[in-house]
Amino acid sequence: MTSANANPSLHYADIEFDQQGIPESTLFADIYFSRKDGIAESNYVFIQHNDLHKRFAAISEYDSFVIAETGFGTGLNFLLAADLFLQKAPKNAHLYFTSFEKYPIRHADLVKIHQHWPQFSTLSSLLLARYPALLPGLQRIEIHPQITLDLYFSDVNDTLREWAEEHPRTVNAWFLDGFAPSKNPQMWDSKLFNAIALSLANHATFATFSATGNVRRQMLEAGLNVKKAKGFGRKREMLFGGIQKMGKPAQPAAQSIAIIGDGIAAATLAYELRNSNKRIHIFAAAEAAAAGASGNPQGAVYPLLQAQWTPSSDFYSHAHEFARQLYRSAVPNCWHESGVQQLSKSTPQLLKIRSIRSLNLYPDPYWQPQTQAQASVKANVPLPTPAVLLPTAGWVPAKQLVNELLEKVASHRKQSNLEFSVHFSCQILDIQALNACSSASSHQQWQLLLESTSKDFVAENLCFDQVIIAGGEKSTQLLPQALVPIRPVRGQITQLAVPDNHQLANLNQVLCGGGYITPVHQGLCCIGATFDKTRTDAIIDPNDDEQNLRQLRDDFSFSAPQSWVVANRASVRATTPDHLPLAGRVPKFVNGQLQEYSNLWLLSGLGARGLTSAPLAAALVAAQVENRPLPVTARINAALKPIRFAERARLRNKSIWVY
Ligand SMILES: Cc1cc2nc3c(=O)[nH]c(=O)nc-3n(C[C@H](O)[C@H](O)[C@H](O)COP(=O)(O)OP(=O)(O)OC[C@H]3O[C@@H](n4cnc5c(N)ncnc54)[C@H](O)[C@@H]3O)c2cc1C
Ligand SMILES: C[S@@+](CC[C@H](N)C(=O)[O-])C[C@H]1O[C@@H](n2cnc3c(N)ncnc32)[C@H](O)[C@@H]1O
């Protein structure tokens, strides 16, 4: 039996190319697309029989359209649908395309295959530049401002059911691809059709090239309305159809969102909500952005490697890929993909590396064990131990990053004529439930009570349909009930002015051990960080600088004199007992029942890794606030829900702090 924390192993597709360069799967002995005309067949079966020309043109402003697919394969269906969407849909509409793929095609093979379709070269190069590493689970890729691709690397029959349960009535069009039922009978299972039926929105459609009696029967049994059409080319028949569902209970139309905080959590939330047509207001206690833990000059961004595929390693691997993609595309000035080396001094660390390697947990080039000599060459300084190199990791100037993200959102929303304000010097004192502050809303809203020291602030409408608390370690002060364990942990970083002729000036990667050191930036490098559970103040302490210098010596054998210390900064982390963020609805107890608020959200508990975890955790909260497809698997969503501690405590009759 495989353990819940085993990495579900993934394998690339084995492909052979014929003389015309048409790819064929050696495992399934079937072709990926028609030898005669792949584009014409995909167009006929999937685009035409889902009526996408007409439906894309009929999409309303700011609306979204969701397509799901079995078998991403070469991505041809995706390219066709995305290309058509960009031609037909309004410029502020969005396409979400989720595709389940058990045997992803290697990047090099995709490059070769896409050469068949020069008409899609722009979209293809965007896709190829972001094509993910072979990590199991869902990888969200922002291909274009209007197109999101969710590549779910898994057997569709292992994961579609839980995905559909999290996305009932969501999919507008299903592309049932996958090799022919005769070559791939396991995939065309009744489980598949039941899950598809659950995920289909009202008036949704589906299409498949297949027309076997078995497939048709299972579709009918799942409640789908099935029609036959003439197949493409010489194929006799194909199937398509739809589903009629009773109308979805009307969702109250949210019109406004308040975000409380000014750190990386608030900035990435604003970024993920940048295209929302709601009013968005950010409230920050400080006079400027990144006043809390997010205000350090440099911070490391890297995944958490573990010897098991736990919810933690699963989340942080995907969070790292997502953060890297976001920083690279949204704020390229702030992303330094230097590589991070984790030095492995102790026996447990070396054993961990050995077991990660033997279990084949992470794909190359995601992580690369290095001998001491190799590690030293890569870092460009002599290192005392072997290391693990994370080549796609790096560092960000955290304070600058938060500011640039907020500026980017502000200018994007200004251009799009969408309301957006950041109110500094506005401390939120309380969030009170109201039954509709304005006559325009018929649902429950929140009123913010605040204290402002800003002379520019005019208290207009402080009623919001949705409120997201992103106040770092101070978030607990705003939570109505103490059901979420956030523990403040103080930390201080130290900045060193390294003389140009010293070997440390040559360091070109981030090094991590018990602490970390970053490469020199604007004349200074950053070392840190202290981790003090006993203090919650942000007062500079010279003892902490000494501790950082000691750690530098112990971890990396670098001696730096006190005289190099030129600056320092102390702040407070928000940590959780399981080291995972809190991202989702705020929990509450009502008449002894544990429930969640429908429109009060939390993004906190980012601990010591917020620069890696915030973007994906923010995307998760934003997707739920906007009622869009989630960027993570059900497993990760469950692992991040703020209610998890109260649920576990109730089950074990213990406090939320006991984990
Ligand atoms: C010393 C140190 C070094 C670190 N190094 C790294 C690193 O290298 N890599 C990494 O990934 N992470 C690192 N971290 C962790 C990372 O900095 C945090 O996880 C992250 O910054 C948390 O972001 P946040 O937005 O949740 O909170 P914060 O950045 O703390 O922002 C919360 C903000 O909300 C405001 N606020 C709170 N309550 C209210 C209210 N009621 N009204 C209005 N405003 C309010 C606060 O004023 C604060 O500015 C480090 C942390 C520390 C302390
Ligand atoms: C014909 S190809 C798909 C073509 C693809 N839609 C395109 O546009 O290129 C079929 C794909 O289904 C994938 N597949 C087969 N069985 C699967 C399963 N059980 N779960 C997920 N993907 C599967 C194969 O690996 C292959 O990539």
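We now turn to the structure provided with this report. (Residues numbered from 1 in each chain as written. Chains lettered and ligands numbered in written order. Predicted model: local features only at pLDDT ≥ 70, side-chain atom pairs only at ≥ 80, totals over all residues. Heavy atoms only, no water.)

### Let's talk about the overall build of the protein
Counted only if it meets this: Every helix listed is a DSSP run of H or I at least four residues long, and every strand listed is a run of E at least two residues long, numbered separately from the N terminus. Only the C-alpha atoms count toward the radius of gyration. The rule for a globule is 2.2 Å times the residue count to the power 0.38. Throughout this description, buried means an accessible area under 20% of the type-specific maximum (1.4 Å probe, protein chains only), exposed means over 50%, and partly exposed covers the range between. By definition, residues are in contact when any of their heavy atoms lie within 4.5 Å. The Shrake-Rupley method, run with a 1.4 Å probe sphere, supplies the accessible areas, and residue values consider only the shown protein chains as cover. For the purpose of charge, His is not counted, nor are the chain termini; Lys and Arg are scored as positive and Asp and Glu as negative. Charged groups are reduced to one reference atom each: NZ for lysine, CZ for arginine, CG for aspartic acid, CD for glutamic acid.
Per the secondary structure count, the protein includes 17 helices and 30 strands. Relative to a compact globule of 659 residues, whose C-alpha radius of gyration would be 26 Å, the protein shows 26 Å and is just as compact. A burial count over the protein gives 57% of its 659 residues as buried. By sequence separation, contacts in the protein at least 24 residues apart represent 73% of the contacts at least 6 residues apart. Split by element, the accessible area of the protein, about 27,600 Å² in all, is 49% carbon and sulfur. With 60 positive and 54 negative side-chain charges, the protein shows a separation of 4 Å between the mean positions of the two kinds.

### Points about the environment of Ser276
Heads up, the condition is: We call two N or O atoms a polar contact when they sit within 3.5 Å, provided that within protein one can donate a hydrogen and the other can accept it, with sequence-adjacent residues counted only if both atoms are side-chain atoms.
Structurally, the position occupied by Ser276 is in the loop between helix H9 (264–272) and strand E13 (279–283). Here the alpha-carbon distance between Ser276 and Glu419, two residues 143 residues apart in the chain, equals 9.6 Å. Those residues in contact with Ser276 that lie beyond four places of it in its chain are Ile257, Arg413, Leu418 and Glu626. One polar contact links the side chain of Ser276 to the main-chain amide nitrogen of Lys278, over a distance of 3.1 Å. Within polar-contact distance, the side chain of Ser276 engages the side chain of Glu626 at 3.2 Å.

### Here we look at the site of ligand 2
Here is the rule: For this purpose, a residue is taken to be near a molecule or strand whenever a single non-hydrogen atom of the residue falls within 4 Å of it. Residues are grouped as follows: Ala, Val, Leu, Ile, Met, Phe, Trp, Tyr, Cys and Pro are nonpolar; Asp, Glu, Lys and Arg are charged; every other residue, Gly included, is polar.
Residues in contact with ligand 2 amount to 22 residues; listed here are only the nearest, Gly71, Thr74, Asn77, Glu101 and Asp177. Taking Thr74, its side chain carries an N or O atom lying 2.5 Å from an oxygen atom of ligand 2. The backbone of Leu76 places a nitrogen or oxygen atom 3.1 Å from an oxygen atom of ligand 2. Contact with the protein chains hides 97% of the accessible area of ligand 2, taken as 600 Å² for the molecule alone. Every element with two or more residues in the shell around ligand 2 is listed here: helix H3 (76–88) and strand E5 (94–101). Its residues assigned to classes, the shell around ligand 2 shows nine nonpolar, eight polar and five charged.

### Topic: the sheet that holds strand E22 (residues 463–464)
Spelled out, the test is: A pair of strands counts as paired when DSSP detects no fewer than two bridges linking them.
Spatially, three strands are ordered E20-E21-E22 in an open sheet, and the strand pairing comes out antiparallel. Bordering the open sheet on either side are strand E20 (426–435) and E22, each of which pairs with just one other strand. Here two bridges tie strand E21 (residues 444–452) to E22, and the two strands are oriented antiparallel to one another. Residue pairing in the sheet places Gln447 in a bridge with Cys463 of E22.

### Side note on the sheet that holds strand E3 (residues 30–31)
Short version of the rule: Angles here are taken between N-to-C directions and fall from 0 to 180 degrees, while the axes themselves are lines fitted to C-alpha atoms, restricted in helices to the stretch in contact.
Across the sheet, three strands lie side by side as E1-E2-E3; this open sheet has antiparallel pairing. Every interior strand has two partners, whereas the edge strands, strand E1 (15–17) and E3, have only one. Running over the sheet, helix H4 (residues 107–114) touches E1 and strand E2 (23–25) and is turned about 30° from E1.

### Notes on the site of ligand 1
Surrounding ligand 1, one finds 38 residues, the nearest of these being Asp262, Ser294, Ala300, Gly607 and Leu611. Between ligand 1 and Ile428 there is a distance of 2.9 Å, counted from a nitrogen atom to a backbone nitrogen or oxygen. In the environment of ligand 1, an oxygen atom lies 2.8 Å from a nitrogen or oxygen atom belonging to the backbone of Gly607. Against a free-state accessible area of 1,000 Å², the protein chains account for coverage of 94% of ligand 1. Of the residues contributing to the shell around ligand 1, the split by class is 19 nonpolar, 15 polar and four charged.

### Observations concerning the side chain of Thr148
Structurally, Thr148 can be placed in strand E7 (residues 147–153). Here the side chain of Thr148 touches His94 through a polar contact of 2.6 Å, side chain to side chain. Beyond its immediate sequence surroundings of up to four residues, Thr148 is in contact with His94, Leu95, Tyr96, Phe97, Arg140, Ile141 and Glu142.

### Concerning the pattern of salt bridges
This is how the line gets drawn: A carboxyl oxygen of Asp or Glu within 4 Å of a side-chain nitrogen of Lys or Arg is what we treat as a salt bridge.
For the structure shown, the criterion picks out 21 salt bridges. Between Lys228 and Glu237 there is a salt bridge, with the nearest N and O atoms lying 4.0 Å from each other. What makes Glu237 partly exposed here is its relative accessible area of 26%. Two residues, Glu419 and Arg279, come together in a salt bridge whose shortest N-O distance is 3.3 Å. On the criterion of sequence distance, the pair formed by Glu419 in the loop between helix H13 (398–415) and strand E19 (420–423) and Arg279 in strand E13 is long-range, its members being 140 residues apart. One continuous salt-bridge network, built from bridges that share partners, spans Arg490, Arg535, Asp537, Asp541 and Asp544.

### Remarks on the packing of H3 against helix H5 (residues 121–130)
Put simply, the rule reads: Note that the term roughly parallel is reserved for angles under 35 degrees, roughly antiparallel for angles over 145, roughly perpendicular for angles of 65 to 115, and oblique for everything else. Crossing handedness follows the turn of the near helix against the far one: under a right angle anticlockwise gives a left-handed crossing, and clockwise gives a right-handed one.
For the pair H3 and H5, the least separation of the axes is 10 Å and the interaxial angle reads 120°. In terms of their interaxial angle, H3 and H5 are classed as oblique. Helix-helix and strand crossings are classified by hand; for H3 and H5 the assignment is right-handed. Each of Phe78, Leu79, Ala82, Asp83 and Leu86 in H3 lies in contact with H5, whose residues at this interface are Leu123, Ser124 and Leu127.

### Quick look at the nonpolar core
Here is the rule we go by: In plain words, nonpolar cores are sets of buried Ala, Val, Leu, Ile, Met, Phe, Trp, Tyr and Cys residues tied together by side-chain atoms within 4.5 Å.
Grouped together as the largest cluster of nonpolar side chains are 88 residues, with contacts concentrated most on Ile67 and Phe78. No other element matches the nine residues that H3 contributes to this core. Setting aside residues up to four positions removed in sequence, Ile67 forms contacts with Leu52, Phe56, Ala81, Leu95, Tyr96, Phe97, Thr98, Val171, Ala173 and Phe175. Ranked by size, the runner-up nonpolar core spans 58 residues in total, among them Ala267, Leu269, Ala398 and Leu405.

### Examining the packing of aromatic side chains
Centre distance and the angle of the planes are the two values used to describe a pair of aromatic rings. Rule in force here: Between rings of Phe, Tyr and Trp, where Trp is taken as its six-membered ring, a pair exists when centres lie within 6.5 Å; planes separated by under 30 degrees are stacked, by over 60 edge-to-face, and by other angles tilted. Note on criteria: charge over ring means Lys NZ or Arg CZ within 6 Å of the ring centre, with the direction from the centre no more than 35 degrees off the ring normal.
Enumeration over the complete set of coordinates arrives at 22 aromatic pairs. Centre to centre, the rings of Phe556 and Phe558 are 6.4 Å apart; their planes meet at 40°, and the pair counts as tilted. Owing to a relative accessible area of 2%, Phe556 belongs among the buried residues under this scheme. Grouping aromatic residues by their ring pairs yields a cluster made of Phe46, Phe72, Phe78, Phe97 and Phe175. Above the plane of the ring of Tyr302 lies Arg609, whose end atom (NZ or CZ) is 4.6 Å from the centre. One cation-aromatic arrangement involves Arg609 over Tyr316; the distance from NZ or CZ to the ring centre is 5.6 Å.

### Looking at the side chain of Ser313
Its place among the elements puts Ser313 in helix H10 (residues 311–330). There is a polar contact of 2.7 Å between the side chain of Ser313 and the backbone oxygen of Gln308. Leaving out residues up to four positions away in the same chain, Ser313 has contacts with Leu304, Gln306, Gln308 and Tyr362.

### Thoughts on the state of the cysteines
Rule in force here: Two cysteine sulfur atoms form a disulfide, by the criterion used here, when they sit within 2.5 Å.
All told, the structure shown has zero disulfides when counted by the stated rule. Summary of cysteine pairing: Cys426 is not part of a disulfide, and the nearest cysteine sulfur, belonging to Cys463, is at 16 Å. Since its relative accessible area comes to 1%, Cys426 is described here as buried. We note that Cys512 lacks a disulfide partner, and the nearest cysteine sulfur, in Cys526, lies 12 Å from it.

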